[in-house]
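Structural overview
Each chain is listed here by its residues.
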Amino acid sequence: MNTKTLLTNKGFEKLTTGHPWLLNHDFKDLSELPSKTCLVHVGEHWFFNSPMSKIRLRRFGPTTRDWKKIDIDSIHDPLQFERFFGDFLVQTLIEKLVFKKDVLIKGNEDLCLRWVFSESDLLPGLIVDIFKNKLACQILTAPVQLFWPVFKDALEKAFTTVQKQKPEFIELKNSSVRTKEGLDVIETEEFSSDWYLWNGLYWWMTPGGEQKTGAYLDQKINHKEAVRWMENLNLSETWDLCSFEGGFGLHIAKSERPVAAVDQSQNALETAKKNAQRNEISERSYTTIREDIFTFLRRQYDNKATVDTIILDPPSFVKSKMELANAMKGYKELNLRSMHCLKSGGLLVSCACSHNVSREDYLYMLRSAAHDTRRTVHVLDVKGPSPDHSPLINFPESNYLQAWFLRIE
Ligand SMILES: C[S@@+](CC[C@H](N)C(=O)[O-])C[C@H]1O[C@@H](n2cnc3c(N)ncnc32)[C@H](O)[C@@H]1O
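Please read all numbers here as calculations on a predicted model, not as lab measurements. Throughout, residues of each chain are indexed from 1 in the direction in which the sequence is written. pLDDT decides what is reported in this predicted model: residues at 70 or higher carry local features, side-chain atom pairs at 80 or more are listed and counted, and totals for whole chains, interfaces and linings draw on all residues regardless. Think of the side-chain values as coming from all heavy atoms in the structure, minus any hydrogens and water.

Here the focus is the sheet that holds strand β2 (residues 38–42). Pairing between sheet strands relies on hydrogen bonds along the backbone, with the strands arranged either parallel or antiparallel. If you walk across this open sheet you meet the five strands as β1-β4-β3-β2-β5, and the pairing is antiparallel. Where the open sheet ends on each side, the last strands, each with one partner, are β1 (21–23) and β5 (74–75). Note: β1 against strand β4 (residues 55–60), three bridges, orientation antiparallel. Bridge pairing in β4 places Trp 21 opposite Arg 58. Strands are treated as partners if at least two bridges between them are detected by DSSP. In this text, helices come from DSSP runs of H or I with a minimum length of four residues, and strands from runs of E with a minimum of two, each type numbered from the N-terminal end.

In structure tokens:
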């Protein structure tokens, strides 16, 4: 296919600067693309073709590989996909697992990490999180569903090679994004829970059956960073706002600092308490409060309550750019009230998890909150997700998590 005549100028620019998506409107004429779900060769890349989706092509595999020996334009048949790409898949999955394990798993920790992160790992439409030998696999797009038997076989071979044991598959087809691909949303009936030693603590996790696919594995480095900064700054008392099952707060409480964990989910807080017990953290050091964090912060502000450290880790307030202005108001209220409530020399760990909020947007909001509260605020550090979720440089949409470590005077 001649990419110059096929694509609009913008589409051509995306292709030649390495963005892994081509949308319907990036094409001058869609009729040249196959009308069936398949893998298709365009320019120097292979792409998954999703005929029902606005995101028409998603790049599969790196450009640096020599794909020239495959002299066909498209692949529809899973057996053919296996013949041409089976070995590549096993090899790339082994490399990714070895790299992520080396970087992230220390001592006798259990293997809990994101093995495959969709576009960021150039295996778009597939997310695989590992919990010991359980693989929670999100099948998000039509091509991944079509070629799933080949992916599954490659995952099994790669896992067995690295871990010397067979994996157990949890196939998840419950994400609402599947409707955009013309796929059914199917709920999985039952999930089992177990204890996992992760980041130095024991966690009761339910692979596949909880928020994310069981845990916020992406915050792993930031949980430790929060404790490190609190030690450096000699801080103690903490409010962990949007605590989920204990993420930040249990790391902090384990280091002998009292934590009040606030979340609106009773289930999450019950599990957080169970986790605290299992890690021998006393009820005095770790209390839980079921409340909306806006209400909690307004009350603390009205009561002129103060604290050493506040963790803010709300869910995404912005699912599309249209919601950005409203979302920024929400982020500002949380950050502004937190700045008010922090003691001089205190730490604010302020997180946002949406690619629709850029670092510039967030900095602008933080700057304005600092000015309105008349507090002096220094940026100690800004982190992203743990390396198993690391963003792909050509794909701004994968740069979704920011964690600001701020010192408030
Ligand atoms: C991004 S997760 C937090 C992850 C957690 N900090 C960790 O590191 O594991 C967001 C959490 O916010 C909670 N939540 C969402 N909206 C809330 C609100 N308005 N008030 C309190 N909790 C809320 C959800 O129940 C969820 O547990």
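So, about the pattern of salt bridges. By definition here, a salt bridge exists when the distance from a side-chain nitrogen of Lys or Arg to a carboxyl oxygen of Asp or Glu is within 4 Å. Enumeration over the complete set of coordinates arrives at 20 salt bridges. Note that Glu 119 is salt-bridged to Arg 58, the shortest N-O span being 3.1 Å. Placement of Glu 119 in the loop between β6 (112–117) and β7 (126–131) and of Arg 58 in strand β4 is noted, with a sequence separation of 61 residues between them. For every residue, the accessible area (1.4 Å probe, protein chains only) is compared with the maximum for its type, and the residue is labelled buried under 20%, exposed over 50%, or partly exposed between those bounds. Among the residues examined, Arg 58 registers a relative accessible area of 9% and is labelled buried.

Next up on the list: helix α5 (residues 148–163). Between its first and last C-alpha atoms α5 spans 22 Å; for 16 residues at 1.5 Å apiece the expected length is 22 Å, and the two agree. Listed in full, the buried residues belonging to α5 are Trp 148, Val 150, Phe 151, Ala 154, Leu 155, Ala 158, Phe 159 and Val 162. One side of α5 carries all its buried residues, which in axial view fall inside an arc of 155 degrees. To estimate how far a helix should extend, the number of its residues minus one is multiplied by 1.5 Å. Each C-beta atom gives one direction from the helix axis, and the arc is the one those directions make.

A few words on the pairing of β4. Counting buried positions over the six residues of β4 gives six, a clear majority of the element. Sheet topology places strand β3 (residues 45–49) next to β4; four bridges connect them, and they run antiparallel. In the strand pairing of β4, Phe 47 is matched with Arg 59. Turn length for the β3-β4 hairpin, with the two strands adjacent in sequence and antiparallel, is five residues.

The next subject is the domain arrangement of the chain. The split into domains, and so the bounds of each, comes from an automatic or database assignment of domains. Here the domain parsing of the chain yields domain 1 (3–75), domain 2 (78–190) and domain 3 (216–408). Here domain 1 and domain 2 have C-alpha centroids that lie 23 Å from each other. On the side of domain 2, 21 residues touch domain 1, which itself brings 22 residues to the contact. Put simply, buried area is how much 1.4 Å-probe accessible surface two parts lose in total, over both of them, once they are put together. Regarding the contact of domain 1 and domain 2, the summed buried area is about 1,900 Å², with carbon and sulfur atoms giving 76% of it. For the domain 1 face of the interface with domain 2, the top three residues by lost area are Phe 48, Phe 60 and Ile 75, together amounting to 31%. Remark: the boundary between domain 1 and domain 2 carries two salt bridges. Between Arg 58 and Glu 181 there is a salt bridge; the shortest N-O distance is 2.9 Å. As used in this structure description, the phrase polar contact means that two N or O atoms lie within 3.5 Å; if the pair is within protein, one of them must be able to donate a hydrogen and the other to accept it, and residues adjacent in sequence are counted only when both atoms belong to side chains. Counting every contact that joins domain 1 to domain 2 gives six residue pairs in polar contact (both at pLDDT 80 or more). Gly is placed with the polar residues, together with every amino acid not listed as nonpolar (Ala, Val, Leu, Ile, Met, Phe, Trp, Tyr, Cys and Pro) or charged (Asp, Glu, Lys and Arg). Within the side of domain 1 that touches domain 2, the residues separate by chemical class into 13 nonpolar, six polar and three charged. The contact criterion used throughout is that any non-hydrogen atoms of two residues lie within 4.5 Å.

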